[in-house]
Amino acid sequence: MTISPDGIVSIKHLTSMALLSNDEVIGLIKRAQAFKHQQIKPVFKRQFFVANLFFENSTRTHKSFEVAEKKLGLEVIEFDAASSSVNKGETLYDTVLTMSAIGVDVCVIRHPDEHYYQELVDSRTIQSAIVNGGDGSGQHPSQSLLDLLTIYEAFGTFQGLKIMIAGDITHSRVAKSNMQMLKRLGAELYFTGPESWYSKSFDVYGRYVALDEMIEQVDVLMLLRVQHERHDSGASFSKETYHAQYGLTHERYKWMKDTAIIMHPAPVNRGVEISSDLVEAPRSRITAQMTNGMFMRMAILEAILNGKA
Amino acid sequence: MTISPDGIVSIKHLTSMALLSNDEVIGLIKRAQAFKHQQIKPVFKRQFFVANLFFENSTRTHKSFEVAEKKLGLEVIEFDAASSSVNKGETLYDTVLTMSAIGVDVCVIRHPDEHYYQELVDSRTIQSAIVNGGDGSGQHPSQSLLDLLTIYEAFGTFQGLKIMIAGDITHSRVAKSNMQMLKRLGAELYFTGPESWYSKSFDVYGRYVALDEMIEQVDVLMLLRVQHERHDSGASFSKETYHAQYGLTHERYKWMKDTAIIMHPAPVNRGVEISSDLVEAPRSRITAQMTNGMFMRMAILEAILNGKA
Amino acid sequence: MTISPDGIVSIKHLTSMALLSNDEVIGLIKRAQAFKHQQIKPVFKRQFFVANLFFENSTRTHKSFEVAEKKLGLEVIEFDAASSSVNKGETLYDTVLTMSAIGVDVCVIRHPDEHYYQELVDSRTIQSAIVNGGDGSGQHPSQSLLDLLTIYEAFGTFQGLKIMIAGDITHSRVAKSNMQMLKRLGAELYFTGPESWYSKSFDVYGRYVALDEMIEQVDVLMLLRVQHERHDSGASFSKETYHAQYGLTHERYKWMKDTAIIMHPAPVNRGVEISSDLVEAPRSRITAQMTNGMFMRMAILEAILNGKA
């Protein structure tokens, strides 16, 4: 990964936030803002092909990548695992090798296996750039970057912001990407939610607190989705109990600072993490996050293609 | 909805035929005919995105919308519910909110819930225009409009035409849209088919008759598909019985007027509603309906985009 | 099918290799090579629509057709049987009739029924050209043509080449297309693999031999995939047994001529037909076959469109 003197970021792959420098993150944020507020259509030196390979359910990530690709004028290949040779036992490696061989320049991939991307970026035969759209309970860098854009848009800085991450932290690839990055960018982090969904390993990034202890002070409240599909056993909470103890109720909304913002990666479990009619409330940035996601993905793809012959 | 002095129709959403005036219907028909017979490619003021969200099976409606979108030069986003966050419990409202947030200008939707579109067009957050591709047993306005185009193409008018709608009327969203519109446009309506699939509420639009009583006099015979998938219990008729009593047999075909036309929204149950080798017979407009459907959908989408900033 | 004095091939449909002359095959190979090595973008006289209808799982064939279509600047309609009217009982004929009616110029089809294409090319109503992407255990002409391109690329001729086809020959549509064509083009054919997967009817094309008898002499070793999904009963071999008896082991690789090439239509069962780390070995053309497949499909589609008004 490199960044030119005029701030143009060039990336070979995007697999993990840990591989991005602070300057590169700020460079991508500024480029996404430029896409959002100016009429920019980059001109590439040739026709580029992008394939979207989603092996897990997705609406936002998948479709905002697709809109971003088409806004950039790229050729888009959709891959549907359910009607592919994956049903004949083909591995992810061989599927991506195929994409590379038939001329696909970039593969955007979501896959349930953590670090699935390692053997792909290590291959000498695979030529496609890899953009990680989520690896199991691992990373989700494009979501992290859109979250950072949304915070930067509201405050113009990360330095000294009080940011609270609430909920199912252990299962959230977003939370893990975000806590590392936000701390590195100078924010103060707080964690809240059920103790069983918290891990001591997060202590290096911030402090585990009670929601009501900090709700009046935070600048950013990042709610996490209760991921029913990643929990083995039956839920240990009813929706009502979770909402009352750990969710954003109307009462807690009133306690928040006027300048505070509410974020959620969505899909929202309405009435669980947040009261349904607060999803579109003035302090909520949940819809803005989706919009920012599309512009951030334009910036990511452009940075990848800047690194391509 | 508005219509300019030179006949250019502008529509905000297309949810129900009841909201279209006769002039707007004729305006759309004439525009579809222009697309069919002239080489017209409208130039839009910016890149527009259309998403096709089909929550029920479809070949004709879905694929003819898609061809129409691409003929108009629009960017098309396909949405596959089976691999989306719908599987994480996301509602239709939140799915469409996502589409709107990531920059989708028009959502073409088929969904099993009647009036699903109401909360979407009422939302202050959702900016996408809604085109109803079928709501449960409710409306199917683009099918209605293509049927009207097909009749207008054959006769140049609706006034005084004898039109018979035959079959599973209670389950047909097409029949309900059509009967209201055709009566308003001046046609004489007749209904036939099994009594259990007829409702007294249709009496205001036309007369329930025996098929063989009117077959020699009708100008248009609109056959409806037996919708096995919407019937709870086992069929009360065998295919052979249905065909003999209510279907278009070779014998009945011979009794029809030379100028009469046969229509069917398709997919056809060959040998049930119509004898298999009559599907492509000279009086049949079943293939023409599909072709007209694509051109009518071009006219609909253009009218929607005429209403967009 | 015709071929102009300057070698431009024009095809109405592509259903079976048997309908292509040697000159047409060589014409398509040369055109695919031109697409591969020169920057050629053909200009067509109008916007053309291609629909991909895959009723069986596919990654390579499906996606390389799609890339080829987009490289040629064609409009692509993807058809997903699982969410189509096929679920309402619609036949292949009526699905293709719909595609034709809504303006689709070419249908690329994979379907489990052998000779599915016959009623489509015989129809007077269907106007779409048919490109066979595989019919049951029948033909797979685009795979055959890419195999021929790969051999021609390596040797510049077919005359006198020793080519061995190894494995599940009876279930392989590729093998059957290839043996006819390769013999006609002057190659010497050998067959090997389990006797129960060999048929006496292949004797007219070549000789059934033991793998180890010929491995040192062959110019081309064409491995076939063990098609678990087409075998009724449980496999009669373990993976290890198959690999040891009929597969390309490291030892056999060493016995091969330096100039010999290894081919496999893929997806590969790694460790069965071929040792996993030989898939990307120097003599392997397995990745090259995929790349060639995309360029050959450009040549095929262009030849089809050359035959269209």
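To be clear, the structure that these remarks concern was listed above.
Description of the structure in this document. Since we're looking at a predicted model, the values are computed, not measured.

Each value, and the rule that gives it
- Residues numbered from 1 in each chain as written.
- Chains lettered and ligands numbered in written order.
- Predicted model: local features only at pLDDT ≥ 70, side-chain atom pairs only at ≥ 80, totals over all residues.
- Heavy atoms only, no water.
- Least-squares fit on C-alpha atoms with pLDDT ≥ 70 in both.
- Pairing = 2+ DSSP bridges.
- Helix = DSSP H or I, 4+ residues; strand = E, 2+ residues; numbered from the N terminus.
- Axes fitted to C-alpha atoms, helices over the stretch in contact; angles between N-to-C directions.
- Phe/Tyr/Trp six-rings, centres within 6.5 Å; stacked < 30°, edge-to-face > 60°.
- Buried < 20%, exposed > 50% of the residue type's maximum accessible area, 1.4 Å probe, protein only.
- Lys NZ or Arg CZ within 6 Å of the ring centre and 35° of its normal.
- Parallel < 35°, antiparallel > 145°, perpendicular 65-115°, else oblique.
- Left-handed = near helix turned anticlockwise from the far one by under 90°.
- Contact = heavy atoms within 4.5 Å.
- Buried area = accessible area lost by both parts, 1.4 Å probe.
- Salt bridge = Lys/Arg side-chain N within 4 Å of Asp/Glu carboxyl O.
- Polar contact = N/O pair within 3.5 Å; in protein donor to acceptor, adjacent residues only side chain to side chain.
- Nonpolar A, V, L, I, M, F, W, Y, C, P; charged D, E, K, R; others polar.

Overview of the relation of the copies chain A and chain B
- Structural alignment of chain A on chain B gives an RMSD of 0.0 Å, achieved by rotating through 120° and translating 0.0 Å along the axis. As the rotation angle and translation indicate, the two copies are arranged about a three-fold axis.

With respect to the sheet that holds strand β3 (residues 49–54) of chain B
Residues and elements named next belong to chain B.
- One open sheet accounts for four strands, arranged β4-β3-β5-β6; its pairing is parallel. Because the sheet does not close on itself, it has two edges, and the strands there are β4 (75–79) and β6 (129–135). Here the strands of the sheet are splayed against their neighbours by 15° on average, with no regard to which way each runs.
- Looking at chain direction, β3 and β4 are connected through five bridges and run parallel. Counterpart to Leu 53 in the pairing with β4 is Phe 79.

Focus: the packing of aromatic side chains
- Scanning the model with the defined rule gives 30 aromatic pairs over all chains in all.
- Taking 6.1 Å as the distance between ring centres and 50° as the angle between the ring planes, the aromatic pair formed by Phe191(C) and Phe202(C) counts as tilted. Of this pair, Phe191(C) sits in strand β8 (residues 188–192) while Phe202(C) is found in the loop between β8 and β9 (206–208), placing the two residues eleven residues apart along the sequence.
- Residue classification places Phe202(C) among the buried positions, given a relative accessible area of 6%.
- Ring pairs connect the aromatic residues Phe191(A), Tyr198(A), Phe202(A) and Tyr208(A), which therefore count as one cluster.
- Just above the ring of Phe35(B) sits the side chain of Arg31(B); from NZ or CZ to the centre is 4.8 Å.

Details of unusual backbone geometry
- Along the chain, Ala266(A) connects to Pro267(A) via a cis peptide bond; the corresponding omega equals 5°.
- Positive phi outside glycine occurs at Ala266(C), with the angle close to 60°.
- Here Ala266(C) lies in the loop between β11 (261–263) and α10 (286–306).
- Residue class for Ala266(C) comes out buried when judged on its relative accessible area of 15%.

Focus on the packing of helix α2 (residues 60–71) of chain B against helix α10 (residues 286–306) of chain B
Residue and element names in this part refer to chain B.
- For the pair α2 and α10, interaxial distance at closest approach is 8 Å and the crossing angle is 55°. With respect to α10, the axis of α2 lies oblique. Relative to α10, the crossing made by α2 is right-handed. Only Met 290, Gly 293, Met 294, Arg 297, Met 298 and Leu 301 of α10 make contact with α2, whose side of the interface consists of Arg 60, Thr 61, Ser 64, Phe 65, Val 67, Ala 68, Glu 69 and Lys 71.

Looking at the interface of chain A and chain B
- On the side of chain B, 24 residues touch chain A, which itself brings 23 residues to the contact.
- Summing both sides of the interface, chain A and chain B together bury roughly 2,100 Å²; the carbon and sulfur share of this comes to 52%.
- When the buried area of chain A at its contact with chain B is split by residue, Asn57(A), Thr59(A) and Lys63(A) rank highest and sum to 26% of it.
- Summed over the shared surface of chain A and chain B, the number is two salt bridges.
- Where chain A touches chain B, the interface holds 13 residue pairs in polar contact (both at pLDDT 80 or more).

Quick notes on the environment of Arg252(A)
Residue and element names in this part refer to chain A.
- The topology assignment puts Arg 252 in helix α9 (residues 250–255).
- Measuring from C-alpha to C-alpha, the distance between Arg 252 and Gly 103 comes to 52 Å, with 149 residues separating the pair along the chain.
- If sequence neighbours within four positions are ignored, Arg 252 has contacts with Leu 211, Asp 212, Ile 215, His 243, Ala 244, Gln 245, Tyr 246 and Gly 247.

Focus on the interface of chain A and chain C
- Listed by partner, the interface residues are 24 residues for chain A and 23 residues for chain C.
- Of all residues in chain A, Lys88(A), Ala101(A) and Ile102(A) give up the largest surface area on contact with chain C, accounting jointly for 30% of the area buried on that side.
- Run the count over chain A and chain C and you get two salt bridges.
- Between Arg60(C) and Glu90(A) there is a salt bridge whose closest N-O contact spans 2.7 Å.
- Along the contact surface separating chain A from chain C lie 13 residue pairs in polar contact (both at pLDDT 80 or more).
- Counted by class, the side of chain A that touches chain C contains eleven nonpolar, eight polar and five charged residues.

Thoughts on the sheet that holds β8(C)
Residue and element names in this part refer to chain C.
- Here we have five strands laid out as an open sheet, ordered β9-β8-β7-β10-β11, and parallel in their pairing. Two strands close off the open sheet at either side, each with one partner strand: β9 and β11. Each neighbouring strand pair of the sheet contributes to a mean axis angle of 20°, computed without reference to strand direction.
- Sitting on the sheet, helix α5 (residues 141–155) is in contact with β7 (162–166), β10 (220–223) and β11, with an inclination near 170° to β11.

Section: the side chain of Ser85(C)
- As for its position among the elements, Ser85(C) is in the loop between β4 (75–79) and α3 (92–101).
- The buried category is assigned to Ser85(C), whose relative accessible area is 1%.

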